[in-house]
Amino acid sequence: MTMELVIETIDKETIKPSSPTPLSLKIFNLSLMDQVAPTMYIPLIFWYPNDTDAVDDHFAKAKERSKRLKESLSQTLSRFYHFAGRISGVDYIQARVNCLLQDILKEPDAELLRKLLPIPMESTEAAERILLVKVNFFECGGMAIGVSISHKIADLSTAYIFIKSWTAMAQGSSEVVSELETLLSLFPPMDLPAFQVEFKRQKFATTRLVFDPSKISMLKAQAASTDMPQPTRVEAVAALIWKCAMAASTINRGGFTKPSVLFQVVNLRKRMKPPLPQNFIGNLIYGFIAQTTPDCETELEGLVQKLRNGIREFSEKSVRKLQGQGSVVLSAILERLKNLQNLIK
């Protein structure tokens, strides 16, 4: 997309919970898993096209939508009290965009999308400002809601629960999430050695890959083998991307093949024993590593097998360590963080 995107901020305010936070909940303690989470934001953008052709109605409709969003956000914060942060409120920004919504969606550009978010993903303000919202109104009457949630208190599953609850509130639905549970009893906070997972600023190429459902079915068939006759969609697509990345790396190195590593994050809730319900909020994610050596099989079938073996070994060994006693858990987490830092150097 080659256009000059102009986003004009037209209003900014702080949305507070609709009811006061109980005194006993004024202080929110991080779990051990939250303590070791990176200081960054989870970026989300939700797209809403205009459902009417009446041009004169755009302003009035935007005003009505924003009013409903603010009221429902306030009601939702009364349940997710810790999302209000230390200032007991959420930054709510309204902006006007000088193009049509479909102009962005037909050819998304990573740098343009970042402008629709309330704050950069890598901002260290995530340690203090927990949740920010930016509502972008387009010339066509469409709307994009950018949401930035601090990774220090939430993983993607927690973000999903929050957005689902906010959506229910906005629609006047009774399908609000059940009572929320924290991870403090499972992963109590500890005195940690001085460390931080740092994501160094580097130049990366970003691309969007769109897979047609029929192509994914064909890919799954190509990735199947006697040992794994039914690979999942995630396994098949991840194996293809991994295979292509290794091939490109080999070409860039003049035909020299180096060991390769694929790091994949998984939701621990359903892998704990017994499994935990989704209403456990916070950072309950962990990563497993699949790797190859220069003489390894790098066809789709072999890579899918490595991914399956990696998640199986993770479920059998790492999850058990994470459900152990304090020092065992801490040792396992620090070891994994050290491995992650080595990967991103």
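On a predicted model such as this, the values are computed, not experimentally measured, just so you know.

Caption draft 1: Representation of the overall build of the chain within the structure. A tally of regular secondary structure across the chain gives 9 helices and 7 strands. A burial count over the chain gives 40% of its 345 residues as buried. As presented, the chain carries roughly 19800 Å² of accessible surface, and 54% of it is formed by carbon and sulfur atoms.

Caption draft 2: Structural context of the sheet that holds strand β3 (residues 90-97). Spatially, 5 strands are ordered β1-β3-β4-β5-β2 in an open sheet, and the strand pairing comes out mixed. Of all the strands in the sheet, the pair left with one neighbour each is β1 (7-15) and β2 (41-48). Here the strands of the sheet are splayed against their neighbours by 15° on average, with no regard to which way each runs. Two elements, β1 and β3, share 8 bridges in a ladder whose sense is antiparallel. Each bridged residue has a counterpart across the sheet, and for D11 the counterpart in β3 is Q94.

Caption draft 3: Local environment of the nonpolar core. L73, F83, L131, F162 and W166 are the most contacted members of the largest nonpolar core, which totals 29 residues. Where this core is concerned, the elements lending two or more residues are β2, α2 (58-77), β3, β4 (131-137), β5 (143-150) and α5 (156-170). With 5 residues, the single largest contributor to this core is α5.

Caption draft 4: Structural detail: the pattern of salt bridges. Tallied over the entire structure, the rule returns 12 salt bridges. Salt-bridge contacts for K70 lead to E13; the nearest nitrogen and oxygen are separated by 2.8 Å. Remark: E13 occurs in strand β1 and K70 occurs in helix α2; sequence separation between them is 57 residues. A salt bridge links R269 to D155; its shortest N-O distance comes to 2.8 Å. Of the two residues, R269 sits in the loop between β6 (260-267) and β7 (285-292) while D155 sits in the loop between β5 and α5, which places them 114 residues apart along the sequence. Three or more residues joined by partner-sharing salt bridges are found here, namely D91, E125 and R129.

Caption draft 5: How the structure looks around unusual backbone geometry. A cis amide bond, omega -5°, links K273 with the succeeding residue P274. Its place among the elements puts P274 in the loop between β6 and β7.

Caption draft 6: Focus on the packing of aromatic side chains. Tallying each qualifying case throughout the model produces 7 aromatic pairs. Between F28 and Y81, the aromatic rings sit 6.3 Å apart at their centres with planes inclined by 75°, giving edge-to-face as the arrangement. Residue F28 is found in the loop between β1 and α1 (32-35), and its partner Y81 is found in the loop between α2 and β3; the two are separated by 53 residues along the sequence. A ring pair is formed by F80 and F162, whose centres lie 5.2 Å apart and whose planes are at 85°; its orientation type is edge-to-face. Of this pair, F80 sits in the loop between α2 and β3 while F162 is found in helix α5, placing the two residues 82 residues apart along the sequence. Comparing F80 with F162 shows no difference in burial state: the two are buried. An aromatic cluster is built from F80, F83, F162 and W166, whose rings are joined through pairwise contacts.

Caption draft 7: Fine view of the environment of T292. Mapping T292 onto the fold places it in strand β7. If sequence neighbours within four positions are ignored, T292 has contacts with W242, M246, P259, S260, L303 and K306.

Caption draft 8: Representation of the packing of helix α6 (residues 213-223) against helix α7 (residues 233-252) in the model. Orientation of α6 relative to α7, taken along the N-to-C sense of each, is 80°, at an axis distance of 9 Å. Judged on the interaxial angle alone, α7 and α6 are roughly perpendicular. Of the residues in α7, those touching α6 at I216, L219, K220 and A223 are R233, A236, V237 and L240. Of the residues in the contact of α6 with α7, the class split is 6 nonpolar, no polar and 2 charged.

Caption draft 9: Looking closely at α7. Compared with the 28 Å implied by 1.5 Å per residue over 20 residues, the 29 Å span of α7 between its first and last C-alpha is a close match. Within α7, burial applies to E235, A236, V237, A238, A239, W242, M246 and T250. Residue G254 follows α7 closely and has a positive phi angle near 65°.

Caption draft 10: Representation of the side chain of S150 within the structure. Residue placement: S150 occurs in strand β5. With sequence-adjacent residues up to four places away left out, S150 is seen in contact with M40, Y41, A126, R129 and I130.

Caption draft 11: The environment of Q94, seen in detail. Examined against the element boundaries, Q94 turns out to sit in strand β3. With 87 residues separating them in the primary sequence, Q94 and I7 have C-alpha atoms 9.9 Å apart. Setting aside residues no more than four positions away along its own chain, Q94 makes contact with E8, T9, I10, D11, E13, S66, K70, V135 and F137. One polar contact links Q94 to S66, side chain to side chain, over a distance of 2.8 Å.

About the cut-offs
- Residues numbered from 1 in each chain as written.
- Predicted model: local features only at pLDDT ≥ 70, side-chain atom pairs only at ≥ 80, totals over all residues.
- Heavy atoms only, no water.
- Helix = DSSP H or I, 4+ residues; strand = E, 2+ residues; numbered from the N terminus.
- Buried < 20%, exposed > 50% of the residue type's maximum accessible area, 1.4 Å probe, protein only.
- Areas by Shrake-Rupley, 256 points an atom, 1.4 Å probe, with all protein chains shown as cover.
- Pairing = 2+ DSSP bridges.
- Axes fitted to C-alpha atoms, helices over the stretch in contact; angles between N-to-C directions.
- Core = buried A, V, L, I, M, F, W, Y, C linked by side-chain atoms within 4.5 Å.
- Salt bridge = Lys/Arg side-chain N within 4 Å of Asp/Glu carboxyl O.
- Phe/Tyr/Trp six-rings, centres within 6.5 Å; stacked < 30°, edge-to-face > 60°.
- Contact = heavy atoms within 4.5 Å.
- Parallel < 35°, antiparallel > 145°, perpendicular 65-115°, else oblique.
- Nonpolar A, V, L, I, M, F, W, Y, C, P; charged D, E, K, R; others polar.
- Expected span 1.5 Å × (residues − 1).
- Polar contact = N/O pair within 3.5 Å; in protein donor to acceptor, adjacent residues only side chain to side chain.

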